[in-house]
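A look at the structure
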Amino acid sequence: MEARDRYSARLMALQCGIVGLPNVGKSTLFNALTAAGAEAQNYPFCTIEPNVGVVPLRDPRLDKITEFVQPKQTIPTSVEFVDIAGLVAGASKGEGLGNQFLGNIRSVDAIVHVVRCFEDDDVTHVHGSVDPLRDIEVIHTELALADLESVDKRLLKLGKLVKSGDKVAARLQSLLEKIKPVLNEGKGIRLADVSDDDLLLLRREGFLTAKPILYVGNVAEADVTNEDQNLAKVVRAHAESEGAQFVMISAHIEAELSTLEDEERSEFLADLGLQEAGMNRLARAAYTLLGLITYFTAGEKEVRAWTVHEGATAPQAAAVIHTDFEKHFIRAEVYHYDDLLGLGSEAKVKEAGKLRVEGKEYIVKDGDIMFFRTSA
């Protein structure tokens, strides 16, 4: 069975939740990203039920492989975004749509925090003025308070288990006691002095501030090429202080771009002095935020990009195509995109000895082009 024939298991149940205060441009940005038509209006809580959209990940490597192979179809990988209702101060105590918001964000794998960095008298701000750092603090505080409440509840339950000699419970109890002072200061768990393994454990336990975060500075159209002169620079500085990623974008521009054909889009971007749409940068950043990499399968029928976690083995990568491929894995035939680009064809890659046969222990690299041999 070829790797491209059928598949039943995709990794892309992973989701980035788009969060922020009301009226910061979340739904407008979501619409541009997904062309899903989510309602976007000038009043708080316009988004009540979370909208979900799958965004194709534009990858120049996929285009190049397609040029070399000339398949019948080309299929990109994607990133899944969830547009979540705006949060307000007091959400951790149920204010606004707080309980619903916190429940929705708990279900996503990473957070895309949209921060308003534009002045517009026609778009009301829930606090009456534009202040990116204050807005960030509101979100941080509410998520930290929600986590603090969860910590207290967990510690009560864990106490009984620890007394019974449960070592797993003892480890978690010790960890929660360590992060509680951090949350009391209104800081996120991801900023606590804990190991990577402990942080992953806390993410699996559903703590909101343990999730990786990407900040998006939503600026006015006139400011999109001039970060030094707009409010987004303070958001970038804040992101850097946390070791977090940052993308500057104009949701208004992205909304316009989403209605244009490719040629018109290119002309519009050129007129604005932009090399590519902000949504492309955002999708790539979100992909990285989730700890994902891409490998490719390539043949006459199809060239396709596939998603795996960084550090995935060859059998795990095969399972993304079809779960049986991992069970019946024999070997993977592998070469890298860079070799194809440099040599010009798979035949020349083989002649140069760049195509390798790898076994079950092989760790997939971003940009690998793979063909799986199985016993199924």
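Structure's up top.
The sections below set out a description of the structure shown in this document. What you see is a predicted model, and the numbers here were worked out from it, not measured in a lab. (Residues numbered from 1 in each chain as written. Predicted model: local features only at pLDDT ≥ 70, side-chain atom pairs only at ≥ 80, totals over all residues. Heavy atoms only, no water.)

Our next topic: the sheet that holds strand β7 (residues 245-249). An order of β2-β4-β1-β5-β6-β7 is seen for the six strands of this open sheet, with the pairing classed as mixed. Edge positions in the sheet fall to β2 (51-56) and β7, since each has one partner strand and no second. Taken pair by pair, the neighbouring strands of this sheet meet at an average axis angle of 25°, ignoring direction. Pairing geometry for strand β5 (residues 110-117) and strand β6 (residues 213-219), over seven bridges, is parallel. Each residue of the ladder has a partner; that of I111, found in β6, is I213. Across the face of the sheet, helix α4 (residues 132-163) comes into contact with β5 and β6 while running at roughly 150° to β5. Relative to β7, helix α10 (residues 278-289) is tilted by about 165°, and along the sheet it contacts β1 (15-19), β2, β4 (78-83), β5, β6 and β7. (Pairing = 2+ DSSP bridges. Helix = DSSP H or I, 4+ residues; strand = E, 2+ residues; numbered from the N terminus. Axes fitted to C-alpha atoms, helices over the stretch in contact; angles between N-to-C directions. Contact = heavy atoms within 4.5 Å.)

With that out of the way, let us pick up the packing of helix α5 (residues 167-184) against helix α6 (residues 196-204). At their nearest, the axes of α5 and α6 sit 11 Å apart, and the two run at 95° to each other. With respect to their mutual orientation, α5 and α6 come out roughly perpendicular. Facing α5, whose interface residues are R171, L172, L175, L176 and I179, α6 presents D197, D198, L201 and L202. Counted by class, the contact of α5 with α6 contains six nonpolar, no polar and three charged residues. (Parallel < 35°, antiparallel > 145°, perpendicular 65-115°, else oblique. Nonpolar A, V, L, I, M, F, W, Y, C, P; charged D, E, K, R; others polar.)

The subject of this paragraph is the pattern of salt bridges. In total, this model carries 17 salt bridges according to the counting rule given. A salt bridge links E67 to K64; the shortest N-O distance between them is 3.6 Å. In this pair, E67 and K64 are both assigned in helix α2 (residues 60-69), three residues apart and thus about one turn of the helix distant. Where D262 meets R265, a salt bridge forms, and the shortest distance between an N and an O atom there is 2.7 Å. (Salt bridge = Lys/Arg side-chain N within 4 Å of Asp/Glu carboxyl O.)

Along the polypeptide, R61 turns up in helix α2. Within the structure, the side chain of R61 is placed 2.9 Å from the side chain of D366, a separation counted as a polar contact. Among all residues touching R61, those that are not within four sequence positions of it are T294, F296, Y337, D366 and G367. (Polar contact = N/O pair within 3.5 Å; in protein donor to acceptor, adjacent residues only side chain to side chain.)

Turning our eyes to something else, we now look at the pairing of strand β8 (residues 292-298). Here β8 lies mainly inside the structure; seven of its seven residues are buried. Residues of β8 alternate between two faces, with L292, T294, F296 and A298 on one and I293, Y295 and T297 on the opposite face, all of them buried. Examined bridge by bridge, β8 and strand β9 (residues 302-309) share seven bridges and lie antiparallel to one another. Looking at β9, one finds that T297 is bridged to R304. Between β8 and the antiparallel strand that follows it, β9, lie three residues. (Buried < 20%, exposed > 50% of the residue type's maximum accessible area, 1.4 Å probe, protein only.)

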